[in-house]
Amino acid sequence: MNVKGKTYRTVWLEKSRVKMINQPVLPFKFEILEFENAEEVAKAIKEMVVRGAGAIGATAGYGLAIAAANASEKYFAEEIGKAEKILKASRPTAYDLFYFTDRVKEAALSEKNAKKGKEAAIAKAKELAKKQVEMCERIGEQGEKLLERESRVLTHCNAGWLAFVDWGSAMAPIYKAKRAGKKIFVWVDETRPRLQGARLTAWELANEKIGHKVIADNAAGHFMQKGEVDLCIVGADRVAENGDVANKIGTYEKAVLAKENGIPFYVAAPLSTFDLGIKSGKEIPIEERSEEEVLFAQGKAESSGKTERIRLAAEESKAANPAFDITPAKYITGIITPKGIIKANNNEIKKIF
Ligand code: MRU
C-alpha cells in the first residue's frame, strides 16, 4: 500500500504483536495500533479498527497465532479453542475470518507437541497472509483485462488495500491498470453509514493519484443512466456455492441498477471468500450493527480541526443498520478471481476449486 510514497501493509505480525493501520481515524490521521492477545484483536475487528473481509481474515489468523504462542503447554488445545471462539464471534458475515482461523487452528493442533504447534500456528498465519497478497495481485491482473485504455469504474464501499493485507480485490484491477498506463476514473459511492467509500477508497485513490469523485450513495443510478459508468467492480464478504454474493449494504441495489442500464457488474474475490458449505445467499448471516452508526456521523470539524460526532436524526428516532446485503447471482456479470474471471454459478465456481 502506498501512503504518501511509503509502502505499508494493512496488518502484520511483529514480535508477537498484531500491528495494523487504525482505519476509523482515516483519512484525517495515519496511525498504527498494536494488540497483544486474541481478546484485544477480536475487539479491534468488532469495532472495525480493521475491516474488510480479507483484512479481517488475516487479522484473526494472526490473533489466533499469538494466542497459540502464548498458550500454556498443558491446556494448549483448550486455550486455542477459547481464542478461536472469541475471534469467530467478532463479525459474522465475512467468510475469510473463518477460513483463516480454521487453518491456523488446524496447523497448531496437528503438531506432536505444543512447542511445535506454536511455531506452526505462527508460520501458517504468515503463510496465509502472504498467499492472500498473491491472490489479490492475481485478481488485479485478471481484472485489468476488463479495463479499456480509458475506463470509468463505479465501486462501492472499500475493497482496496485497506480491506486486505495488500492490493485489495475490487481495486486491484484499477491499481494494475494505472501501472499499465491506462487512464481510469472511479466513481466512489460514499457508502453510508460508515463511509468506507468516502473515507477509505477515496483516500487510497488519492494516494495512487487516480482520478475519482465521491458520490452520494443514491447518485449511482443517475450516473449510470447518463452513460457515465462503463462498468462496476465491487468486493465480496462471502460468495455462496450458486454465486450469490454478500457485500456491503447497498451493493444489491447498484447491481440491479447496473443490469437495468446494461452496465457490466463484476465482483472481485479471492478463494478464501467462497463458502462452499452454503448453497445460496439466503444462508449467509447478515451482521446487524449498532443503530448509532446511522443516527450519528463522525468527521473533522472545519472550525476546530478536531474529530466530532454529530447527531443526524431526531432524538426520538430509532434506526436499523444491516451491514451487508445479498446480490443474487443473476445480476453479476462475472466474478474476478485469482484463477480467472468466471460466471457466478455452481459449475464455474466448482471448477476453480
Ligand atoms: O463492514 P466492512 O467495512 O468490513 O465491509 C467491507 C465490505 O463489505 C466491502 O464492500 C468489501 O467489498 C468486502 S471486503 C473485501
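Residues numbered from 1 in each chain as written. Predicted model: local features only at pLDDT ≥ 70, side-chain atom pairs only at ≥ 80, totals over all residues. Heavy atoms only, no water.

(A) Spatial organisation of unusual backbone geometry. Leu26 connects to Pro27 through a cis peptide bond whose omega is 5°. Mapped onto the elements of the fold, Pro27 is located in the loop between strand E4 (17-21) and strand E5 (32-35). Here the bond from Arg192 into Pro193 is cis, since omega is 5°, no more than 30 degrees from zero. Looking at the element boundaries, Pro193 is found in the loop between strand E7 (183-189) and helix H7 (196-207). Located in the positive-phi region is Lys15, a residue other than glycine, with phi close to 45°. Mapped onto the elements, Lys15 comes out in the loop between strand E3 (11-14) and E4. A residue is classified by how much of its surface remains accessible, and Lys15, at 76% relative accessible area, is exposed. Within the chain, Met48 stands out as a residue other than glycine whose phi angle is a positive 65°. Following the sequence through the fold, Met48 ends up in the loop between helix H1 (38-46) and helix H2 (53-70). By relative accessible area, which is 2% here, Met48 ends up buried. (Helix = DSSP H or I, 4+ residues; strand = E, 2+ residues; numbered from the N terminus. Buried < 20%, exposed > 50% of the residue type's maximum accessible area, 1.4 Å probe, protein only.)

(B) Representation of the pattern of salt bridges. In the structure shown here, the tally under the stated rule is 29 salt bridges. When the shortest N-O distance is used, the salt bridge between Lys176 and Glu137 registers 2.7 Å. Here Lys176, found in helix H6 (residues 172-179), pairs with Glu137, found in helix H5 (residues 114-144); they are 39 residues apart in sequence, far enough to count as distant. On the accessibility criterion, Lys176 (14% relative accessible area) is buried. The exposure class assigned to Glu137 is partly exposed, which follows from its relative accessible area of 24%. (Salt bridge = Lys/Arg side-chain N within 4 Å of Asp/Glu carboxyl O.)

(C) Inspection of the sheet that holds strand E18 (residues 340-342) at higher detail. Read across the open sheet, the seven strands follow the order E8-E7-E6-E9-E12-E17-E18; overall the sheet is mixed. The open sheet terminates on both sides in strands that have one partner only, identified here as strand E8 (211-215) and E18. Each neighbouring strand pair of the sheet contributes to a mean axis angle of 25°, computed without reference to strand direction. Its contacts with the sheet place H7 against strand E6 (150-155), E7 and E8, and it is angled at close to 165° to E7. Sheet strands in contact with helix H9 (residues 251-260) are E7, strand E9 (231-234) and strand E12 (265-268), and its direction is about 145° off that of E12. (Pairing = 2+ DSSP bridges. Axes fitted to C-alpha atoms, helices over the stretch in contact; angles between N-to-C directions. Contact = heavy atoms within 4.5 Å.)

(D) Focus on the site of the ligand. Residues in contact with the ligand amount to 17 residues; listed here are only the nearest, Arg91, Gln196, Asp237, Asn247 and Lys248. Taking Arg51, its side chain carries an N or O atom lying 2.8 Å from an oxygen atom of the ligand. Gly52 has a polar backbone atom sitting 2.9 Å from an oxygen atom of the ligand. For the ligand, whose accessible area on its own is 400 Å², the fraction buried by protein is 100%. (Near = heavy atom within 4 Å. Polar contact = N/O pair within 3.5 Å; in protein donor to acceptor, adjacent residues only side chain to side chain. Areas by Shrake-Rupley, 256 points an atom, 1.4 Å probe, with all protein chains shown as cover.)

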